[in-house]
Amino acid sequence: DKAPLSKSLLLVPSAISILLTLLFQHYQKFFAYNLQAVKEDFQIWRLVCGRTICLDLKDTFCSSLLIYNFRIFERRYGSRKFSSFLLGTWMLSALFDLLLVEITQYIFGITISSLPSGFLGPVFALFVPFYSSIPRVQVTQVLGHFSITNKSLVYILGLQLLTSGSYIWILALSGLISGICYNSSILKVHQILCVPRWVAKIFSWTLEPVFSSAEPTNEVRVGMGATVDIQRQQRMELLDRQIMMSQVAQMRRQRQQQGGMINWNRLFPPLRHRHNANYQDHRPSEQGIPPPTEVSEEQVTRLMEMGFSRGDALEALRASNNDLNVATNFLLQH
């Protein structure tokens with residue numbers, strides 16, 4: 001739910017990779033990540049084909065599982081910002097691939113003509129926000145000394161992917177460097193390498209209805225998954241939501257100390273009871289409520305791109321004094 005881009009990256013490249021491996025092996029040469037052909041014959045199209053589809057099913061399986069775990073970033077930031085991160089790190093990692101290959105040849109004298117294929121650079125780049133923004137929560141301990149956290153499985157998958165090929169460490173290193181560069185506030189790469197708004201709207205109209213999923217019902221949310229792994233994943237997401245709410249509460253206390261108190265009394269009832277048909281009878285009196293705060297249309301549009309309705313976006317921005325981060329965090333939890 002609310003992660004159509006992650007779903008498309010999970011299904012489409014995996015299906016193409018399986019077809020190329022089982023049925024159309026003679027077409028695999030067009031998806032090989034051949035750096036020699038790129039540098040000497042200027043076959044730029046190989047960058048697109050070779051850095052999108054995996055030709056090794058082990059890499060396909062590991063990268064698909066990692067994309068499934070990283071879908072939390074699309075839910076947090078919205079599809080446009082998430083796709084901008086993937087596009088930016090994909091382009092940066094392509095540049096760093098070439099640089100690292102040249103450095104390896106210059107220092108060690110090793111000539112590398114090709115690298116493992118697949119959407120691996122952005123996948124490794126996602127470890128940067130995963131490490132910095134996802135809280136570490138201990139789940140259990142092994143032998144009383146080794147801690148198992150909610151992030152251990154993702155790191156194990158990354159290590160498995162890292163050891164699947166001889167030169168995949170170049171893709172991993174270039175992906176991590178590109179992730180750091182994209183998140184860096186000094187380089188401002190995220191302001192240059194981003195998906196234009198009109199492109200995001202076109203894909204939202206055409207592809208999002210195909211890959212979007214229905215919102216889970218209340219009955220599904222109450223129950224836990226059938227397997228231990230699914231239950232653990234659901235508990236991790238629940239813990240993450242609770243930590244995000246604590247961050248919102250901390251922002252609220254900071255604003256109260258600074259004199260800029262957020263009028264949550266206007267925000268909580270309408271959003272918590274927006275599906276309650278009888279709420280109109282219990283609406284508090286509007287006497288004494290200050291005039292509504294002027295809201296930026298650009299911020300309203302950004303919240304609507306994340307999947308929220310215009311009414312909820314306006315109410316959240318007014319109650320948070322036009323603070324987009326506070327409004328976003330609160331809407332994600334209600």
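Residues numbered from 1 in each chain as written. Predicted model: local features only at pLDDT ≥ 70, side-chain atom pairs only at ≥ 80, totals over all residues. Heavy atoms only, no water.

Looking at an unreviewed UniProt entry, one finds the chain named Ubiquitin-associated domain-containing protein 2 and attributed to Daphoenositta chrysoptera.

Here we take up the overall build of the chain. In terms of helices and strands, the chain carries 19 helices and four strands. Expressed as a percentage of the 334 residues in the chain, the buried residues total 39%. Contacts spanning at least 24 positions in sequence make up 72% of the contacts within the chain whose residues lie at least 6 apart. Summing over all exposed atoms, the chain offers an accessible surface of approximately 19,500 Å²; the carbon and sulfur share of this is 60%. (Helix = DSSP H or I, 4+ residues; strand = E, 2+ residues; numbered from the N terminus. Buried < 20%, exposed > 50% of the residue type's maximum accessible area, 1.4 Å probe, protein only. Contact = heavy atoms within 4.5 Å. Areas by Shrake-Rupley, 256 points an atom, 1.4 Å probe, with all protein chains shown as cover.)

On the surface, Ile 18, Leu 19, Leu 22, Leu 23, Phe 24, Tyr 27, Phe 30, Trp 45 and Leu 57 cluster together into a nonpolar patch covering about 860 Å² of accessible area. For the nonpolar patch, the element with the most residues is helix α1 (residues 4-22), which contributes three residues. (Patch = residues over 30% accessible without salt bridge, like charges linked within 9 Å, V, L, I, M, F, W, Y side chains within 5 Å. Salt bridge = Lys/Arg side-chain N within 4 Å of Asp/Glu carboxyl O.)

Mapped onto the present numbering, the UniProt feature "transmembrane region" (unreviewed entry) falls at residues 6-24, 82-100, 106-132 and 153-177. Counting secondary structure, residues 82-100 comes out at 100% helix and 0% strand; the distance between its end C-alpha atoms is 26 Å. (UniProt positions renumbered as here; feature names shortened; annotations may be inferred.)

At Phe 42, a position not held by glycine, the phi torsion is positive, near 55°. Among the structural elements, Phe 42 can be located in the loop between α2 (35-41) and α3 (45-50). Taking relative accessible area as the criterion, Phe 42 reaches 64% and is therefore assigned exposed.

Next up on the list: the nonpolar core. If you look at the biggest cluster of nonpolar residues, it comprises 42 residues, and the most contacted ones within it are Leu 66, Phe 70, Phe 73, Leu 115 and Leu 161. Of all elements in the fold, only α2, α4 (57-69), α5 (71-77), α6 (79-108), α7 (120-125), α8 (127-133), α9 (152-162) and α10 (168-183) reach the threshold of two or more residues within this core. Top element by residues in this core is α6. It accounts for eight residues. Not counting chain neighbours up to four residues away, the residues in contact with Phe 73 comprise Gly 78, Phe 82, Leu 126, Pro 129, Phe 130, Ser 133 and Ile 134. With 12 residues, the next largest nonpolar core counts Leu 303, Met 306, Ala 313 and Ala 316 among its residues. (Core = buried A, V, L, I, M, F, W, Y, C linked by side-chain atoms within 4.5 Å.)

The topology assignment puts Gln 28 in the loop between α1 and β1 (33-34). For Gln 28 and Leu 55, which are 27 residues apart along the polypeptide, the C-alpha to C-alpha distance reads 7.1 Å. Filtering out sequence-adjacent residues up to four positions away, Gln 28 remains in contact with Leu 20, Thr 21 and Leu 55. For Gln 28, the side chain forms a polar contact with the main-chain oxygen of Leu 20, separated by 3.0 Å. (Polar contact = N/O pair within 3.5 Å; in protein donor to acceptor, adjacent residues only side chain to side chain.)

For the coordinates displayed, the defined rule picks out 11 aromatic pairs. Relative to Phe 30, the ring of Tyr 27 lies with its centre 6.3 Å away and its plane at 35°, an arrangement referred to as tilted. Note on Phe 130 and Tyr 155: the rings are 5.6 Å apart at their centroids and 75° apart in plane angle, and the pair reads as edge-to-face. One end of the pair, Phe 130, is in helix α8; the other, Tyr 155, is in helix α9, with 25 residues separating them in the sequence. Since its relative accessible area comes to 33%, Tyr 155 is described here as partly exposed. (Phe/Tyr/Trp six-rings, centres within 6.5 Å; stacked < 30°, edge-to-face > 60°.)

Going through the model one piece at a time under the given rule, you end up with four salt bridges. Two residues, Arg 51 and Asp 97, come together in a salt bridge whose shortest N-O distance is 3.4 Å. Here the residue Arg 51 occupies a position in the loop between α3 and α4, and Asp 97 occupies one in helix α6, the gap between them amounting to 46 residues. A relative accessible area of 3% means that Arg 51 is categorised as buried. On the basis of relative accessible area, Asp 97 is assigned to the buried category, the value being 0%. Among the ionic pairs, Lys 58 bridges to Asp 56, the shortest N-O distance being 3.3 Å. Residue Asp 56 is classed as partly exposed on the basis of its relative accessible area of 26%.

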